[in-house]
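One-letter residues, chain by chain:
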Amino acid sequence: MGRINKATNTTTEERTTLQKEITRFVKIIISLTVTLVLIMLITWLAWLRVDHYDFLNTVGILTNLMSLVVAFIPEGMPMAVALTLSLIARRMRDVRILPKSLATVETLGFVNVICSDKTGTLTENKMSVVSVGFVDKVISETEDRPSAFNDLHRAMVMCNDAFFAAEEVNEEVKAERKIQGNATDAAVLRYTSNLPPANFNCHRVFDLPFNSKNKYAMTYIGGQQTAIIVKGAPDILMDRATSFLSASGRVEPLEKSALTQLIDMQEDWSRQGQRVILLAQRPYEAKNPVGTAQFEEEMLEESQKDLTILGLVGIIDPPRADISHTVAEARRCGARFFMVTGDFRLTAEAIASQIGIFTRRTDRIADFEKKNRFAELETVRDDRLAFIDASVVVEGKELMDLSEAQWDVLCKYEEIVFARTTPEQKLRIVTELRQRGCVVAVTGDGVNDAPALKAANVGVAMLSGSEVAMEAADLILMGDFSSIIEGIRLGRLVFQNLQKVISYLLPAGSWSEDWPVVLNVFFGCPLPLSSFLMIIICCFTDLACCLTLIFEKEEFDLLSLPPRDPKRSHLVNMKLYGQSYLFIGTMETVTAMSMFFYYMWSYAGIPINKMFFAFAHYSDGYFGHTQDELNKFLSTGQCVYFVTLVILQFANLNAVRNKRMSIFQNGPQNNWKLCLGPIISLAIAIFVTEQKGIQNLFGTASVPIKHWLLPIPLAIGLLAMDEIRKLLVRTWPKGPIAKVAW
């Protein structure tokens, strides 16, 4: 427990892929903002402060710079990201997945390796004894038990920590009686409870519980005959035995022929998928007082030599009914499925073959050179989606001797089973995979899985597992193991929907808000959009609409796509910037600017060429207007710009819903919540422009009805342009437009 705790706590917390992506996006936005702010500040210091101070004084430039910061940063994004993750977490809960951290939800979409424990995860953890035998004889259910069975029976009963629950002791249906204890002991207890009652005239004095490091449990019994009874992995205990109990009841030396017979029996049962445990004893009387440290040391030392093998017990733990389909679905979505277990190699291989983890003959580490795997590695090393098309089984004891080159080969195998692994070795496996660029999900339910669960990109525990495993994990499966595939799908949906949210926010909430400030500072034009209206767009009208995008379903089968590369597949990339800024953003900016200048010309009589480089001339007497009239025209024009952006964003909302599909293929009717966003945004826009208190406080103004209606056909035109883009992408999927499309 101490080693496991140390291994678990030495794992450093790392940021999730989503946290890294958000940080990257923030750095890009800050860099652009600071760059433009510096350019504007230098321009003001070198030119405007000298020649046009009356137009843009110190307070004015500071206001503009703050406006630019407001414009560049999409203030509604943090809330949109948080709500998107919350919604997906809620959907995960509906499919019986409990995410402990919202940030981990999206990481599932990147997973390309699933390392799963066997017992209780891939199997039902409902074990039952199916085979019992001595070294020289397998016991059949149809024949009488030999005379030596009494010793084997006693060992199964005494070296066992499981017990029937108190309320179930008198239950008549034995097969349904509840048992407290680990699954292996429970299977042996249920088997012995169906045997005729026996009085062994002994009692337990000292116990050493089973652990994943030693691979055995020990009990010291007292009574008429004191003895040490040991139960555990045959390959561990064979070397400590010097004799065996034959079926006839004679104790015979463990010679080579008997040892071969024992190994053959173990391997035969293991190939059938059985977990094989060996029971042995040693008549022994303790020399030190019970309960002292010397007594414990004596027991530990004496239990490791001169053992007499009593027999073998074969236990079957059936695979979960859904696991074969889950493995197949994991492969379909591009994730390799590995087994990491403490069980015997042949048992692990048998189960792996039954559930589809192994689909071909297996290699061993020694086969790398013989089968030319090193040369094969060079052909797939740089391709993250190409692997060595073979299976390999590796035992824990082999891991510590592997070179870096061998690890490189091993981590590129398509199918892997790790057998007889300790918690430290499981941790090493996860570490080596992650160092080679794999995004690893580890599933497990035991205490010994905790270090690997903690070290993985995503740790997944079973609800039926230990509290230690659930504490170390990032997700908890409360239902079938197959729900992990649904988790991967939802993780990919998070990424897709976040991209849509960001692509929606940037055109109006960033790009179209930047240009009014640029025109004001560099071209001497009266500010087409006030800072207040910028904030309203970012934090209210755009936010109301973008939140409806988090309810979007996948545009296509997300599991048919390969896992994204966290080093290359970014949340915000150049294609998204191109779509948001250069395509949609430019159309929205030009349209909103045109509506602003059209209003100023039609109502104030000021042509567009007189708006540019007006500087301080835009004051009392300009085109025969008083200063109050000019301020009124400008306030109304700013609201026209604002209303135009709000309405254009309704078209953008329908445009970003689909990257490839037409609105006629996947229309708003598939997400009825999509109608709520525009209604709320429109109500906010009307309130901001028409409410007298807002007008007096923030300088807004009523917008003529004509300028509420004119943007509608322009918004339809914007949507039509994006439909043409999608049509070109679908028609020529390898064409130049498809290559730059988001």
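Quick note: structure is the one above.
Only a predicted model underlies this, so the values are computations on that prediction, with no experimental measurement involved. (Residues numbered from 1 in each chain as written. Predicted model: local features only at pLDDT ≥ 70, side-chain atom pairs only at ≥ 80, totals over all residues. Heavy atoms only, no water.)

Caption draft 1: Local environment of helix H10 (residues 293-302). Here H10 has its buried residues at Phe295, Glu298, Met299 and Glu302. Angularly, the buried residues of H10 cover 100° about the axis, an arc narrow enough to put them on a single face. Facing away from the buried side of H10 by over 90 degrees, the exposed positions are Ala293, Glu297 and Glu301. Structurally, H10 contributes buried residues whose contacts are with strand S7 (202-208), strand S8 (216-223), strand S9 (227-232) and strand S12 (274-283). (Buried < 20%, exposed > 50% of the residue type's maximum accessible area, 1.4 Å probe, protein only. Helix = DSSP H or I, 4+ residues; strand = E, 2+ residues; numbered from the N terminus. Arc of directions from axis to C-beta. Contact = heavy atoms within 4.5 Å.)

Caption draft 2: Up close: the side chain of Thr121. Residue placement: Thr121 occurs in the loop between strand S2 (113-116) and strand S3 (128-134). Residues in contact with Thr121, not counting those within four places in the same chain, are Ser116, Arg320, Thr443, Gly444, Asp445, Met462 and Phe481.

Caption draft 3: Just the pairing of strand S16 (residues 388-395), in detail. Among the 8 residues in S16, 7 count as buried, and that is most of the element. Here 2 bridges tie strand S15 (residues 362-363) to S16, and the two strands are oriented parallel to one another. The residue of S16 that forms the bridge with Asp363 is Val392. In this structure, S16 lies alongside strand S17 (residues 413-419), joined through 6 bridges in parallel fashion. (Pairing = 2+ DSSP bridges.)

Caption draft 4: Region of the structure containing the packing of helix H2 (residues 17-51) against helix H3 (residues 58-72). It is at 10 Å that the axes of H2 and H3 come closest, and there the two elements cross at 160°. Considering the angle they form, H2 stands roughly antiparallel to H3. For the element pair H2 and H3, the recorded crossing hand is right-handed. On H3, the residues touching Ile29, Leu32, Thr33, Leu36, Val37, Met40, Leu41 and Trp44 of H2 are Thr58, Ile61, Leu65, Leu68, Val69 and Phe72. (Axes fitted to C-alpha atoms, helices over the stretch in contact; angles between N-to-C directions. Parallel < 35°, antiparallel > 145°, perpendicular 65-115°, else oblique. Left-handed = near helix turned anticlockwise from the far one by under 90°.)

Caption draft 5: Spatial organisation of the sheet that holds strand S14 (residues 336-340). Spatially, 9 strands are ordered S1-S20-S19-S18-S2-S14-S17-S16-S15 in an open sheet, and the strand pairing comes out mixed. The open sheet terminates on both sides in strands that have one partner only, identified here as strand S1 (97-99) and S15. Sheet topology note: the S2/strand S18 (residues 440-444) ladder contains 4 bridges and is parallel. Of the residues in S18, the one forming a bridge with Ile114 is Ala441.

Caption draft 6: Looking closely at the environment of Glu349. Within the secondary structure, Glu349 sits in helix H12 (residues 345-355). C-alpha of Glu349 to C-alpha of Met339: the two residues are 10 residues apart in sequence and 9.3 Å apart in space. Among residues more than four places away in sequence, those in contact with Glu349 are Phe358, Thr362 and Val393. One polar contact links Glu349 to Thr362, side chain to side chain, over a distance of 3.3 Å. (Polar contact = N/O pair within 3.5 Å; in protein donor to acceptor, adjacent residues only side chain to side chain.)

Caption draft 7: Representation of the nonpolar core within the structure. Judged by nonpolar contacts, the single largest core of 139 residues is most densely connected at Met339, Ile357, Tyr618 and Phe642. When residues of this core are assigned to their parent elements, the largest contribution, 19 residues, is made by helix H20 (residues 483-522). Residues within four places of Met339 in sequence aside, it is in contact with Ser116, Lys118, Leu122, Ala348, Ile351, Ala352, Ile355, Ile357, Ile416, Val417 and Phe418. In this structure, Cys115, Ala390, Cys411 and Ala452 belong to the second largest nonpolar core, which totals 40 residues. (Core = buried A, V, L, I, M, F, W, Y, C linked by side-chain atoms within 4.5 Å.)

Caption draft 8: Structural detail: the pairing of S12. Burial runs high along S12: 9 of the 10 residues are buried. Relative to S12, S9 runs antiparallel, the two being bridged by 6 bridges. Bridge pairing in S12 links Lys231 to Leu279. Bridge analysis of S12 against strand S13 (residues 307-316) gives 8 bridges, and the strand direction is antiparallel. Bridging from a neighbouring strand, Leu279 pairs with Gly311 of S13.

Caption draft 9: Looking closely at unusual backbone geometry. One non-glycine residue, Arg96, lies in positive phi territory at about 65°. Here Arg96 lies in the loop between helix H4 (77-94) and S1. A positive phi angle is found at Asn372, which is not glycine, with a value near 60°.

Caption draft 10: The arrangement of helix H22 (residues 574-604) in detail. Of all the bends in H22, the largest measures some 45° and sits at Gly585. Phi for Gly605, located one or two positions after H22, is positive at around 75°. (Bend = angle between axes of the 7 residues up to and from the residue.)

Caption draft 11: Structural view of the pattern of salt bridges. Counted under the stated rule, the structure contains 41 salt bridges. Taking the shortest distance from any N to any O, the salt bridge between Arg282 and Glu302 comes out at 2.6 Å. Here Arg282, found in strand S12, pairs with Glu302, found in helix H10; they are 20 residues apart in sequence, far enough to count as distant. Among the salt bridges present, the one from Glu376 reaches Arg373, with a minimum N-O distance of 2.9 Å. Here Glu376 and its partner Arg373 are both found in helix H14 (residues 373-380), 3 residues apart, which amounts to about one turn of the helix. In this structure Arg373 comes out as buried when scored by relative accessible area, which is 11%. By sharing partners, the salt bridges in this structure join Glu378, Arg381, Glu404, Asp408, Arg428, Glu432 and Arg436 into a single network. (Salt bridge = Lys/Arg side-chain N within 4 Å of Asp/Glu carboxyl O.)

Caption draft 12: Expanded view of the environment of Phe25. Within the secondary structure, Phe25 is located in helix H2. A sequence separation of 645 residues divides Phe25 from Asn670, and the C-alpha atoms of the two residues are 30 Å apart. Residues contacting Phe25, with those up to four places away along its chain left out, are Pro74, Met77, Ile502, Leu506, Val572 and Tyr577.

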